[in-house]
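Summary of structural features
Each chain, letter by letter, is given below.
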Amino acid sequence: MVVRFGPVSAATHRADVPHGGGATLPTQPDGARHQAGPRRPARAPTGVRRHAGLASRAHRMSLRALLVPVLFAAACAAPAPVAAPDALDRYVRSEMQARRLPGLALAVVQRGEVAALRCYGLANVETGTPVWPETRFAIASLDKQFTAAMVQLLARDKKLSLEDPIGLHLLDAPSEWSGIRIRHLLTHTSGMPDDWLETHDGRGFVDYTTEQLYRHARTRPLLFAPGTGWSYSDQGYFLLCLIVERAAGVPYFEALKARILRPLGMDGVAVADPDAIVPQRAAGYRLRDEVLINDRRLVDYGLWNDLLMTVADFVKWDRALRDVSLLTRDELALAWTPARLDGGEIAHTADDLAGYGFGWMLDNFRGRRIVQHSGYTGVFVLRLLDADVSVVVFTNLERPAGSAPRGLALGVAGLFAPTAPWANLPPKPDAVAPAVAAMLRDELARWQRGECAAARYAPDGEARGREIAAAMQTDLGRMGAILDVAVLDDERTDEGQLVYLRAECERGTLFVRVQCDAGGRILRARGDRL
């Protein structure tokens, strides 16, 4: 069954967690309480069987009001946010309509305290189940930062070294892997491919065992010699999970619970086992010809299954990073330092501006440090280190369908961090030469069509241009005609010139940064739909 997806209705609710950890009832945009629509059933006390009709509407509502503070008081005691709540609501609701998002949960952490924890839309469209603070989202590649932290903790315990050849910890490792160190897997500089799942006639399986995944991984050739290039690799992080199991002496998830989840009180985390009944699991969605359909990610990957998590659980993880209560300052500094290749240069990809650390994408905005990561399922976490603001955005629309959670997180951060006004920079037309500005405007139009002018790119011309165009078209291709492109600023870098642009389109705003070399050729570009 498919559902034609229209704008988020006026009944789309909001679950606020205001000062002191209390909770308001779901409200409509104008602040009125829901008068219609699905309600979450009240929970019966332990040992009491729940019967339909026994609890009055008022009793159910009072239980709801009591349950949320109990579950989230520790995580959600919050000071007054910088941005007015209605400004945040207006932004999120508008973007949910523009991006066709079924459901969303977000948290903003400011100076170590929760400034906002909000829930919008539907966790399950078919059943009409709203997103609640307890809703568990599949976090996809956000789990890489947890795997990387486990590796660092085991290195602290002297159970492994970041410089160990991976063959010391993996059975029957092929000889081609002999030059790969654990550090290479952490930073995606191992040469491991990303597309590594076994298929039949081009179609994947419903069930994979850990043994099957490892057996097939051993047959895949490397893309380049370890340390000589950068390529994002799920296979590399799957191998890291195996290494964690071997070094810890227990299954991966048991090790994760013992060292990270349980000590931090992250009690809502679960494994996305497709066979298991997991309460409050959000359904995943994608778009086909602008029609909402189920995202069939319910595949059993054995060890490689997604983690399911609430935004409040992720807040606890964020707080542990900020308070240095799990990893030391030196360990965090190492995790947030960009990887370098054997020649000494920072490892970059076409849409990456500041490199990759240990399970973290690195970035900066006008000299201000950012650590972040995305997940295929439509999730993103952003930490503005210098502003001491973190934003967690969980949606249930996959990223290739246009959820663009990174841009959402940037947009929310701009409301809470005055030093990060991504969308509000004034035009500065004289920041770059007119010829450079004209060239970049022309390339934006080409990117929207998935095209490029090969001569404008370095180091490898058309290959680099096509890579950038494909990445940019994911969002830009969904935003309608480009109405205006403004030059906002530029920075002189070791490689040349970094140019800031803002593209106003029929259906939204794209914040664009383009790194050019000294000769004006494009090295890298990133666009974020704000």
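No experiment lies behind these values; they were computed from the predicted model shown. In this convention, every chain numbers its residues from 1, walking through the sequence in written order. Only residues with pLDDT of at least 70 get local features here, since the model is predicted, and only at 80 or more are side-chain atom pairs given and counted; chain-wide, interface and lining totals rely on the full set of residues. Hydrogens and water are ignored here; the side-chain numbers use all heavy atoms of the structure.

Accessible area is worked out with a 1.4 Å probe on protein chains only. A residue is then buried under 20% of its type maximum, exposed over 50%, and partly exposed in between. Secondary structure elements follow DSSP: runs of H or I no shorter than four residues count as helices, runs of E no shorter than two count as strands, and numbering proceeds from the N terminus. Across the seven residues that make up strand 14 (residues 389-395), a large majority, seven, are buried. Of the two faces of strand 14, the one lined by Val389, Val391, Val393 and Thr395 and the one lined by Ser390, Val392 and Phe394 are each fully buried. By the bridge criterion, seven bridges tie strand 1 (residues 103-110) to strand 14 in an arrangement that is antiparallel. Note on strand 14: the bridge partner recorded for Val108 is Val391. Inspection of the sheet shows strand 13 (residues 379-384) paired to strand 14 by six bridges, in the antiparallel sense. Considered in strand 14, the bridge of Phe380 is made with Val393. Between any two strands, pairing holds if DSSP finds at least two bridges. Hairpin connection between strand 13 and strand 14: a loop of four residues separates the two successive antiparallel strands, and Asp388 in this loop has a positive phi of roughly 55°.

As a further point, take the pairing of strand 11 (residues 361-365). Counted residue by residue, strand 11 has four buried out of five residues, so it is predominantly covered. Turn length for the strand 11-strand 12 (residues 368-375) hairpin, with the two strands adjacent in sequence and antiparallel, is two residues, and the turn residue Arg366 shows positive phi of about 55°.

Now for unusual backbone geometry. Between Ala458 and Pro459 the backbone carries a cis peptide bond, its omega angle lying at 5°. Positionally, Pro459 belongs in the loop between helix 11 (434-448) and helix 12 (462-476). For Ala404, which is not glycine, the phi torsion reads 45° and is therefore positive. When you line up the elements, Ala404 lands in the loop between strand 14 and helix 10 (405-416). Taking relative accessible area as the criterion, Ala404 reaches 5% and is therefore assigned buried.

Read across the open sheet, the three strands follow the order 4-10-7; overall the sheet is antiparallel. Of all strands in the sheet, those with a lone pairing partner are strand 4 (137-138) and strand 7 (270-271), marking the two edges. Of the pairings in the sheet, the one linking strand 4 to strand 10 (residues 307-309) comprises two bridges and is antiparallel in character. In the sheet register, Phe137 faces strand 10, and the bridge partner there is Met309.

Structural elements are reduced to axes, namely lines fitted to C-alpha atoms, with helices fitted over the stretch in contact, and the angle between N-to-C directions of any two is expressed from 0 to 180 degrees. Where helix 5 (residues 210-217) contacts helix 6 (residues 234-248), the axes come no closer than 11 Å and their chain directions differ by 125°. By the angle class used here, helix 5 and helix 6 are oblique. For the pair helix 5 and helix 6, the crossing hand works out as left-handed. Here Thr210, Leu213, Tyr214 and Ala217 of helix 5 come into contact with helix 6, specifically with Gln235, Phe238, Leu239 and Leu242. Polar here means any residue other than Ala, Val, Leu, Ile, Met, Phe, Trp, Tyr, Cys and Pro, which are nonpolar, and Asp, Glu, Lys and Arg, which are charged; Gly is therefore polar. Its residues placed into classes, the contact of helix 5 with helix 6 shows six nonpolar, two polar and no charged. By the definition adopted for this analysis, an angle is roughly parallel if under 35 degrees, roughly antiparallel if over 145, roughly perpendicular if from 65 to 115, and oblique otherwise. For any pair of crossing helices, the crossing counts as left-handed if the nearer helix is rotated counterclockwise from the farther one by less than a right angle, and right-handed if it is rotated clockwise. Residues are treated as being in contact if the distance between any of their heavy atoms lies within 4.5 Å.

Before going further, it helps to spend a moment on the side chain of Ser403. Among the structural elements, Ser403 can be located in the loop between strand 14 and helix 10. Not counting residues within four places of it along the chain, the set of residues in contact with Ser403 comprises Arg99, Leu101, Gly378, Thr395, Leu397, Glu398 and Leu408.

For the protein, per-residue confidence averages 83 on the pLDDT scale, and 80% of positions sit at 70 or higher. Each residue gets a pLDDT score, which is the predictor's confidence in that residue and runs from 0 to 100. Here residues 1-81 is a poorly scored stretch, pLDDT under 50, and it has 136 contacts once near neighbours within four places are set aside; other chains count.

Let us look at the environment of Gly236. Mapped onto the secondary structure, Gly236 falls in helix 6. Taking the C-alpha atoms as reference, Gly236 lies 7.1 Å from His188; in sequence the two are 48 residues apart.

With that out of the way, let us pick up the packing of aromatic side chains. In this analysis, rings of Phe, Tyr and Trp, with Trp reduced to its six-membered ring, are considered paired at centre separations within 6.5 Å, and the interplanar angle assigns stacked below 30 degrees, edge-to-face beyond 60, and tilted for intermediate values. Summed over all chains, the structure comprises 12 aromatic pairs. Judged by centre distance (6.1 Å) and plane angle (45°), the ring pair of Tyr500 and Phe511 falls under tilted. Of this pair, Tyr500 sits in strand 16 (residues 496-505) while Phe511 sits in strand 17 (residues 508-517), placing them 11 residues apart in sequence. Here Tyr500 matches Phe511 in class, with each residue buried.

One speaks of a salt bridge when a side-chain nitrogen belonging to Lys or Arg is within 4 Å of a carboxyl oxygen belonging to Asp or Glu. Under the counting rule described, the total for this entry stands at 30 salt bridges. Between Glu467 and Arg464 there is a salt bridge, with the nearest N and O atoms lying 4.0 Å from each other. Of the two residues, Glu467 and Arg464 both sit in helix 12, three residues apart, roughly one turn of that helix. The partner of Arg513 in a salt bridge is Asp528, with the nearest N and O atoms 3.9 Å apart.

Looking now at the sheet that holds strand 15 (residues 482-492). Pairing in this open sheet of four strands is antiparallel, and the strands run 15-16-17-18 from one edge to the other. Each edge of the open sheet is held by one strand with a lone partner, namely strand 15 and strand 18 (522-529). Averaged over neighbouring strand pairs, the angle between their axes works out to 20° when direction is ignored. Pairing of strand 15 with strand 16, which is carried by nine bridges, proceeds in the antiparallel orientation. Residue pairing across strands places Val485 opposite Ala503, the latter belonging to strand 16. In the packing of helix 11 onto the sheet, contacts are made with strand 15, strand 16, strand 17 and strand 18, and the angle to strand 15 comes to roughly 125°.

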